[in-house]
Amino acid sequence: METFTHSVAASRLLRAAACASLLVAGCVGDIGSNPSSSSSDSSGAGANPTGGGTSSSGGGDALCNPRLERRVVLLADLQFMNAIRDLLGDEAIEAEQAPDARMKPFAKKGLVVGTSLVHTRLSRAAYAAESISERFEQVTGCAPDGDDACAKTFLTKFAQRAFRRPVDQTELDNLWSVYALGKEESYERGVSLAVEALIASPSFSYRTELGGDADGDVVKLAAHEVASELSFFLTDSLPDEELAAAADSGALNDPEELTRQAERLLEKPETRSSLNTTLIAAWGLSNLFGTVKDPGLFPEYTPALQASMFHETELLLDDLLWKSGADVSALLTTRETFVNGVLAEVYGVEHTGSSPEEFTKVELPAEERAGILTQPGLLAALSRTDNTSVVARGLFVRGALLCLGKIPSPPESLSDAIKELLEADMTERERADARAANSTCAGCHAQFDAFGLLLENYDPVGRYRDTLDGEPIDARVDLANIADVGGSYASAVEFAEAVAQNDGFAACITRHLLTYGTDDETLGARDCQVGRVIETLPEGQRTLANVVKAIVTSPALTERAKEE
């Protein structure tokens, strides 16, 4: 395969033959960024850029203007690869490059539009185009020595689907120039080079949010932009045929049709799985696969156990949120979960499956476990090699679970003291007490250490324990100084049940989904865009499907602010 020469050819053709049209999406706005803010806050701190509104209860339109200006948005690598696969099949992706949804990144931090990314996407475009050669007629509907009319019919449809919008005549003329250049070598090469140029184009790698004329300070997104945003939000890939047709006809401009399309997509198992993985990504559970434990202390902590822990969460989300249609608060209170043989040992429950690998539903001890907060996977991912971590667990509860706001990193000057404290022969509560006694550390750690102390009943692989080194574990904490969750709690179970009774967790779930759907990492759980969704869904009716439908039709997805 002529990978390098083909990549260079596509690059040159893209710059020369197609610059006037295929590059249009790469020449508008602040590419790949959030124009509303120069910084990001993945924990959901209440950042409130200009135009974002501040009403925690939703408020009226005047108080909840669009946070985001018109822009173009770079597809994440997972979305880019999924789109190629949906266009050309699994064969269009190198086996070692196949996307792993379990590793879905929640934020695009580190995804920089530079030479490396451009080279990578050009190479993947070249590979995808070359993959057509062994199945040319199957993919294109044209004979290997077919005519121009067949090629143009295929390429026109392919371009429309790849760009997720109608393709104008100038763009098609440029595409025919690419096709004609490749055809000098062969008919098949003409088609494959045109496909390569389309996939390498910024119009494939970016989706636009430009809309039409402004209505005051607000711009409504075009139907094809909404279709693309909706599809990448829910499925991490291209709009399917029915959604694309609704955009083509203009029907998607009707909120009722938008709701209908969302409901249709939510019936698909792949959509539900994608949304589950979005939440798992927001919680950072994929970090589990990068953790190690001291093999002398935790020999059972193997890759197989890690995979089992991750799959347990997948199964629980699918069962609670989709099969049962439970309110999202049930994620914090359920005593049921799914275990295979190795997980049953961690939980200390009986495994009734027909084989050690089979996952079966079990009831967990009510005094020991409560939903995702006490799942071994999260607890293991938030622990050190040889010990638990009050800091990591506390920051997770404050940030990813409750969206209470980001805590700044400790100053560099404290690195030696932190290392010394971690190496000291102390319990985690003793370390927390030492931080509380240090005036430099106390102010920040008072905002999250207590959350981590609540979880000290769970060891570094998530097993429940009452004692540590022969001494009873005291997990009691007083959270009076933390807004929204103030009170005294004797255990993580008691805390989870209390949190499930207020709006905070549902708002945080909503914030995560809105953040992923809009690529607005500075959105806070108290911002009015989140408040509007919570207001529309009474307590007990906040199923994930209802939350998603409320998000889909909200101005946060369908409107943008006119540039100042």
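Numbers given to residues run from 1 along each chain, matching the order in which its sequence is written. Since the coordinates come from a predicted model, pLDDT governs what is reported: local features require at least 70, and pairs of side-chain atoms require 80 or more to be given and counted, while whole-chain, interface and lining totals use all residues. With hydrogens and water excluded, all non-hydrogen atoms of the structure serve as input to the side-chain values.

### Focus on the overall build of the protein
Okay, so step 1: The helix and strand inventory of the protein stands at 26 helices and ten strands.
Okay, so step 2: Between buried and exposed lies partly exposed: a residue is buried under 20% and exposed over 50% of the maximum accessible area for its type, with that area taken using a 1.4 Å probe on protein chains only. For the protein, the proportion of its 564 residues judged to be buried stands at 53%.
Okay, so step 3: Residues count as neighbours in contact if any of their non-hydrogen atoms are within 4.5 Å of one another. Taking the intrachain contacts of the protein between residues at least 6 apart in sequence as the baseline, contacts between residues at least 24 apart amount to 72%. Per the convention used, a helix needs a DSSP run of H or I reaching at least four residues, while a strand needs a run of E reaching at least two, with both numbered from the N terminus.

### Observations regarding helix 5 (residues 148–163)
Okay, so step 1: By this rule, a helix spans an expected 1.5 Å times one less than how many residues it contains. Over its 16 residues, helix 5 extends 22 Å from the first C-alpha to the last, a length consistent with the 22 Å expected when each residue adds 1.5 Å.
Okay, so step 2: Those residues of helix 5 not exposed but buried are Ala151, Phe154, Leu155, Phe158, Ala159, Ala162 and Phe163. Seen along its axis, helix 5 keeps its buried residues to an arc of 140 degrees; they face one direction. Those residues of helix 5 that are exposed and angled more than 90 degrees off the buried face are Ala149 and Lys157.
Okay, so step 3: Remark: Arg164 follows helix 5 within two positions and exhibits a positive phi of approximately 60 degrees. Of all possible arcs, the one meant is that of the directions from the helix axis to the C-beta atoms.

### Here's the deal with the packing of helix 12 (residues 269–283) against helix 13 (residues 303–323)
Okay, so step 1: Only the stretch in contact is used when fitting a helix axis, every axis being a line fitted to C-alpha atoms; angles between N-to-C directions are given from 0 to 180 degrees. Running from amino to carboxyl end, helix 12 crosses helix 13 at an angle of 125 degrees, the nearest separation of the two axes being 10 Å. If you check the angle between helix 12 and helix 13, you find them oblique. Here the hand of the crossing between helix 12 and helix 13 comes out right-handed. Contacts between helix 12 and helix 13 pair Arg272, Leu275, Asn276, Leu279, Ile280 and Trp283 from the former with Phe310, Thr313, Glu314, Leu317, Asp318, Leu321 and Trp322 from the latter. Every angle not falling under 35 degrees, over 145, or within 65 to 115 is termed oblique; those three ranges are roughly parallel, roughly antiparallel and roughly perpendicular. Crossing handedness follows the turn of the near helix against the far one: under a right angle anticlockwise gives a left-handed crossing, and clockwise gives a right-handed one.

### With respect to the state of the cysteines
Okay, so step 1: Criterion for a disulfide: a pair of cysteine sulfur atoms within 2.5 Å. A full pass over the atoms with the stated rule returns three disulfides.
Okay, so step 2: Residue pairing for Cys142: its cysteine sulfur links by disulfide to Cys150, the two sulfurs lying 2.0 Å apart. Judged by the torsion about the S-S bond (-100 degrees), the Cys142/Cys150 disulfide is left-handed.
Okay, so step 3: Judged by its relative accessible area of 1%, Cys142 is buried.
Okay, so step 4: A relative accessible area of 23% means that Cys150 is categorised as partly exposed.
Okay, so step 5: The partner cysteine of Cys403 in its disulfide is Cys508, sulfur to sulfur 2.1 Å.

### Observations concerning the pattern of salt bridges
Proximity of charged atoms lets side chains of opposite charge pair with each other.
Okay, so step 1: Throughout this description, the term salt bridge denotes a Lys or Arg side-chain nitrogen within 4 Å of a carboxyl oxygen of Asp or Glu. Applying the stated rule across the entire model yields 39 salt bridges.
Okay, so step 2: We note a salt bridge from Glu209 to Arg560, for which the minimum N-O separation is 2.7 Å. Of this pair, Glu209 sits in strand 2 (residues 206–209) while Arg560 sits in strand 10 (residues 559–561), placing them 351 residues apart in sequence. Judged on exposure class, the residue Glu209 and its partner Arg560 are both buried.
Okay, so step 3: For Asp319, the salt bridge identified is with Lys361, shortest N-O distance 3.1 Å. Here Lys361 lies in strand 5 (residues 360–363) and Asp319 lies in helix 13, a separation of 42 residues in the sequence.
Okay, so step 4: The exposure class of Lys361 is partly exposed, given its relative accessible area of 41%.
Okay, so step 5: Look at the salt bridges and you will find they share partners, linking Asp240, Glu242, Glu257, Arg260, Arg264 and Lys268 into a network.

### Examining the packing of helix 23 (residues 504–518) against helix 25 (residues 544–552)
Okay, so step 1: Contact geometry for helix 23 and helix 25: axes closest at 10 Å, N-to-C directions at 50 degrees. Put simply, helix 23 runs oblique to helix 25. The chirality of how helix 23 crosses helix 25 is right-handed. Residues Ile509, Thr510, Leu513 and Leu514 of helix 23 form the contact with helix 25, whose participating residues are Leu544, Val547, Val548 and Ile551.

### Section: the nonpolar core
One recurring pattern in soluble globular proteins is that nonpolar side chains are buried together.
Okay, so step 1: If you look at the biggest cluster of nonpolar residues, it comprises 105 residues, and the most contacted ones within it are Phe233, Trp283, Phe495, Leu513 and Leu544.
Okay, so step 2: As used in this record, nonpolar core signifies buried Ala, Val, Leu, Ile, Met, Phe, Trp, Tyr and Cys residues forming a set joined through side-chain atoms within 4.5 Å. If you look at the next biggest cluster of nonpolar residues, it comprises 41 residues, including Phe136, Ala162, Tyr187 and Ala197.

### Side note on the confidence of the model for the protein
Okay, so step 1: Every residue is assigned a pLDDT by the predictor, reflecting its confidence on a scale from 0 to 100. Per-residue confidence for the protein gives a mean pLDDT of 89; residues scoring 70 or more make up 89%.
Okay, so step 2: Note on residues 1–61: pLDDT is under 50 here. Beyond four places in sequence and across chains, it has 141 contacts.

### A few points about a negative patch on the surface
Okay, so step 1: A contiguous patch of negative charge, built from Asp425, Glu430, Asp433, Asp469 and Glu471, is present on the exposed surface.
Okay, so step 2: Locating Glu430 in the fold gives a position in helix 19 (residues 428–436).
Okay, so step 3: Taking relative accessible area as the criterion, Glu430 reaches 39% and is therefore assigned partly exposed. Patch membership needs two things, relative accessible area over 30% and no salt bridge, and members are linked within 9 Å if like-charged or within 5 Å if nonpolar (Val, Leu, Ile, Met, Phe, Trp, Tyr). Each accessible area is a Shrake-Rupley estimate made with a 1.4 Å probe; only the visible protein chains count as cover when residues are assessed. Neither His nor the chain termini are counted; the positive set is Lys and Arg, and the negative set is Asp and Glu. Where a charge sits is defined by one atom per residue type, namely NZ (Lys), CZ (Arg), CG (Asp) or CD (Glu).

### Thoughts on the environment of Arg71
Okay, so step 1: As for its position among the elements, Arg71 is in strand 1 (residues 71–74).
Okay, so step 2: Within polar-contact distance, the side chain of Arg71 engages the side chain of Glu209 at 2.6 Å. For this analysis, a polar contact is any N or O atom pair within 3.5 Å, provided that within protein one partner can donate a hydrogen and the other can accept it, and provided that sequence-adjacent residues contribute only side-chain to side-chain pairs.

### A few points about unusual backbone geometry
Okay, so step 1: In this structure, Asp236 is a non-glycine residue whose phi angle is positive, near 60 degrees.
Okay, so step 2: Judged by its relative accessible area of 1%, Asp236 falls in the buried class.
Okay, so step 3: For Asp519, which is not glycine, the phi torsion reads 60 degrees and is therefore positive.
Okay, so step 4: Mapped onto the elements of the fold, Asp519 is located in the loop between helix 23 and helix 24 (528–536).
Okay, so step 5: Exposure remark for Asp519: the relative accessible area of 14% places this residue in the buried category.

### Overview of the environment of Leu513
Okay, so step 1: Along the polypeptide, Leu513 turns up in helix 23.
Okay, so step 2: As a C-alpha pair, Leu513 and Leu279 span 234 residues in sequence and 7.5 Å in three-dimensional space.
Okay, so step 3: Those residues in contact with Leu513 that lie beyond four places of it in its chain are Phe233, Leu275, Thr278, Leu279, Leu544, Val547, Val548 and Ile551.

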